[in-house]
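Read off the chains here:
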Amino acid sequence: KNKLMRSCRRAEFQAINTKMMDIEVDEDLHSSCQGDIAVFCTSVSSGAVKRCLRLHLEVLSSECQKAEFAELTQQLDDARVNPVIVASCAAEAKQFCNHIQVGGGRIIACLHQHRFMKDMGAACRSAITSAYDTKAKMMHTIAMHSAPACRKDATRLCSDLDASPSMRDLHI
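Residues numbered from 1 in each chain as written. Predicted model: local features only at pLDDT ≥ 70, side-chain atom pairs only at ≥ 80, totals over all residues. Heavy atoms only, no water.

A. Broad picture of the pattern of salt bridges. Enumeration over the complete set of coordinates arrives at four salt bridges. Note that E68 and R54 form a salt bridge whose closest N and O atoms lie 2.7 Å from each other. Residue E68 is found in helix α4 (residues 62-77), and its partner R54 is found in helix α3 (residues 49-55); the two are separated by 14 residues along the sequence. With a relative accessible area of 0%, E68 lands in the buried category. Residue R54 is classed as partly exposed on the basis of its relative accessible area of 23%. The residue R80 makes a salt bridge to D78 at a minimum N-O spacing of 2.8 Å. Of the residues examined, R80 reaches a relative accessible area of 37% and is grouped as partly exposed. (Salt bridge = Lys/Arg side-chain N within 4 Å of Asp/Glu carboxyl O. Helix = DSSP H or I, 4+ residues; strand = E, 2+ residues; numbered from the N terminus. Buried < 20%, exposed > 50% of the residue type's maximum accessible area, 1.4 Å probe, protein only.)

This is the structure:
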């Protein structure tokens, strides 16, 4: 019984990871971003489309931005469904965060808190910093495009995003 549950959970995470890595499998994101993919990402392989979309966040349609934001939020909420963090931070998660309950963004927050430890690998540090930077940039972009009432505050409070996209002390 327990073995079946464990294998079922493993299969569920494999399906989620496949969806997170391949735009063709992620029907929601693909349909929300189809026009943006045609404009910005036609020259990249299908495996690189998601990265391409993240590189063009500020100019994506609002529908695509919202879909990207939802996916990134899911990836920051559960490190197991973030393919870059899974690939880059397995040893660090085990070393620094083994005692932390999975979900709710706790593993990524733990990795973020330990990012300057000498045993933190450069690839993991980069993946964690990049995830936080991307979410901050997305929040800024969405505020600028979908909430006119917040534009002045977003410009005033987030002006450093354009000049310095590295917000290492942001706690999301």
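B. Layout of the environment of Q113. Here Q113 lies in helix α6 (residues 106-113). When its relative accessible area of 59% is taken as the criterion, Q113 is described as exposed.

C. Molecular detail of the packing of helix α2 (residues 27-40) against α4. Running from amino to carboxyl end, α2 crosses α4 at an angle of 135°, the nearest separation of the two axes being 8 Å. By the angle class used here, α2 and α4 are oblique. At the point where α2 passes α4, the crossing takes the left-handed sense. Note on element contacts: α4 touches α2 through E63, C64, A67, E68 and E71, opposite L29, S32, C33 and D36. (Axes fitted to C-alpha atoms, helices over the stretch in contact; angles between N-to-C directions. Parallel < 35°, antiparallel > 145°, perpendicular 65-115°, else oblique. Left-handed = near helix turned anticlockwise from the far one by under 90°. Contact = heavy atoms within 4.5 Å.)

D. Broad picture of the confidence of the model for the protein. Per-residue pLDDT for the protein averages 77, and the proportion of residues at 70 or more is 69%. Across residues 162-172, where pLDDT falls below 50, the model places 22 contacts with residues more than four positions away in sequence or in other chains. (pLDDT = per-residue confidence, 0-100.)

E. Broad picture of the state of the cysteines. For the structure on display, the rule yields four disulfides. What pairs with C41 in a disulfide is C52, and their sulfur atoms sit 2.1 Å apart. With the S-S bond torsion at -95°, the cross-link from C41 to C52 turns out left-handed. Placement of the pair is C41 in the loop between α2 and α3 and C52 in helix α3, with a sequence separation of eleven residues. (Disulfide = S-S within 2.5 Å.)

F. Structural context of the nonpolar core. The biggest cluster of nonpolar side chains holds 29 residues, and the ones touching the most others in it are L53, I85, C89, I108, L111 and I128. The set of elements that each furnish at least two residues to this core consists of α2, α3, α4, α5 (83-97), α6 and α7 (122-146). Per element, the largest residue contribution to this core is six residues, and it comes from α7. If sequence neighbours within four positions are ignored, L111 has contacts with I85, C89, E92, A93, C97, M120, C124 and I128. (Core = buried A, V, L, I, M, F, W, Y, C linked by side-chain atoms within 4.5 Å.)

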